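Descriptive analysis of the structure
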Amino acid sequence: MRKLINSTYLTLDGVIENPVWTMPYFAEEAVAVATELTTGADALLMGRATYDGFSQAWPAMDENDPNTGAAFFNNVKKYVASTTLKDPSWKNSEVLEGDLVEAVAKLKAGDGKNIVQYGYGTVTAQLINAGLVDEVKFWIHPVIEGNASFSSALSDVKATFELIDTRVFSNGVIVATYRPKATA
């Protein structure tokens with residue numbers, strides 16, 4: 001069975017929106033972890049907001065530069081959870097039909113590598129509540145943005161996770177990886 005891995009960049013105050021603040025911290029150590037994540041995956045899962053942002057940014061990046069990740073993002077199979085997007089224009093993109101939980105369970109049960117999801121919003125909340133998220137990677141950046149926290153929109157999500165890995169970069173970024181903890 002494929003694993004669904006959520007990877008989310010956040011600030012010390014829990015901001016995930018418009019992560020341009022990650023750029024000064026995306027050095028060699030971050031490239032190595034990101035490459036490890038994408039090498040183990042053959043699909044992306046996104047909500048509409050993440051799709052809109054990614055589909056604007058990634059096609060404009062140089063696919064010949066291995067440090068950008070553009071070759072992966074532009075060519076990998078992309079699944080979008082949206083009830084309003086009808087005809088995605090970004091290469092290899094498909095809108096999931098029907099019930100989100102059923103559609104993702106079917107994707108996970110299929111053949112292939114891991115499925116990676118970036119961002120942490122209502123799609124992730126539904127998938128955590130349904131027990132479909134296998135890992136979360138929080139990339140904690142030593143930055144305070146002062147905007148709304150990502151958790152404010154997820155007040156109905158309750159889950160317990162166990163720490164399975166921690167990587168601390170020389171520039172202060174911490175990547176904390178968790179998996180859902182089985183409840184008794």
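A brief report on the enclosed structure follows. Computed from a predicted structure; not experimentally measured. The residue numbers shown here count from 1 along each chain, following its written sequence. Side-chain atom pairs in this predicted model are given and counted only at pLDDT of 80 or more, local residue features only at pLDDT of at least 70, and totals for whole chains, interfaces and linings cover all residues. With hydrogens and water set aside, each side-chain value is computed from the structure's full complement of heavy atoms.

Moving on, we come to the layout of surface pockets. Put plainly, a pocket is an open set of points on a 1 Å grid over the protein atoms alone with protein on both sides within 12 Å along at least five of seven lines, a cavity is a set where a 1.4 Å probe fits but cannot get out, and a lining residue has an atom within 4 Å of a point. Grid points are joined across faces, edges and corners, and a volume is the space filled by probe spheres set on the points. Empty space within the second largest pocket amounts to approximately 160 Å³. Three classes are used: nonpolar for Ala, Val, Leu, Ile, Met, Phe, Trp, Tyr, Cys and Pro, charged for Asp, Glu, Lys and Arg, and polar for all others, with Gly counted as polar. Across the lining of the second largest pocket, the residue classes tally to five nonpolar, three polar and two charged.

Further remarks concern helix α1 (residues 28–39). A turn of α-helix holds 3.6 residues, and therefore any two residues three or four places apart point the same way. With twelve residues, α1 should reach 16 Å at 1.5 Å per residue; the first-to-last C-alpha distance of 16 Å fits that figure. Remark: exposure states derive from per-residue accessible area (1.4 Å probe, protein chains only) relative to the maximum for the residue type, with buried under 20%, exposed over 50%, and partly exposed in between. By the criteria applied, helices consist of DSSP H or I runs no shorter than four residues and strands consist of E runs no shorter than two, each listed in order from the N terminus. Where α1 is concerned, the buried positions are Ala 30, Val 33, Ala 34, Leu 37 and Thr 38. Viewed end-on, α1 has its buried residues packed into an arc of 130 degrees, placing them on one side of the element. Contacts from the buried residues of α1 go to β1 (4–11), β2 (41–47), α3 (70–75), β5 (114–118), β6 (135–141) and β7 (161–168). To estimate the expected span of a helix, count its residues, drop one, and scale the result by 1.5 Å. By definition, the arc is the one covered by directions from the helix axis to the C-beta atoms. Residue contacts are defined here by distance: any two heavy atoms, one from each residue, within 4.5 Å place the two residues in contact.

This part covers the nonpolar core. We define the nonpolar core as a collection of buried residues of types Ala, Val, Leu, Ile, Met, Phe, Trp, Tyr and Cys that are connected through side-chain atoms lying within 4.5 Å of one another. Counting 23 residues, the largest nonpolar core has Leu 4, Leu 45, Leu 96, Leu 100, Val 104 and Leu 127 as the members making the most contacts within it. Sorting the residues of this core by element identifies β1, β2, β3 (77–81), α4 (100–109), α5 (122–129) and β6 as the ones contributing at least two each. Beyond its immediate chain neighbours, meaning those up to four positions away, Leu 100 contacts Ala 81, Val 123, Gln 126 and Leu 127. Ranked by size, the runner-up nonpolar core spans 18 residues in total, among them Ala 41, Val 80, Trp 90 and Val 95.

Note that every value here comes from positions in space, so none of it alone points to a role or purpose.
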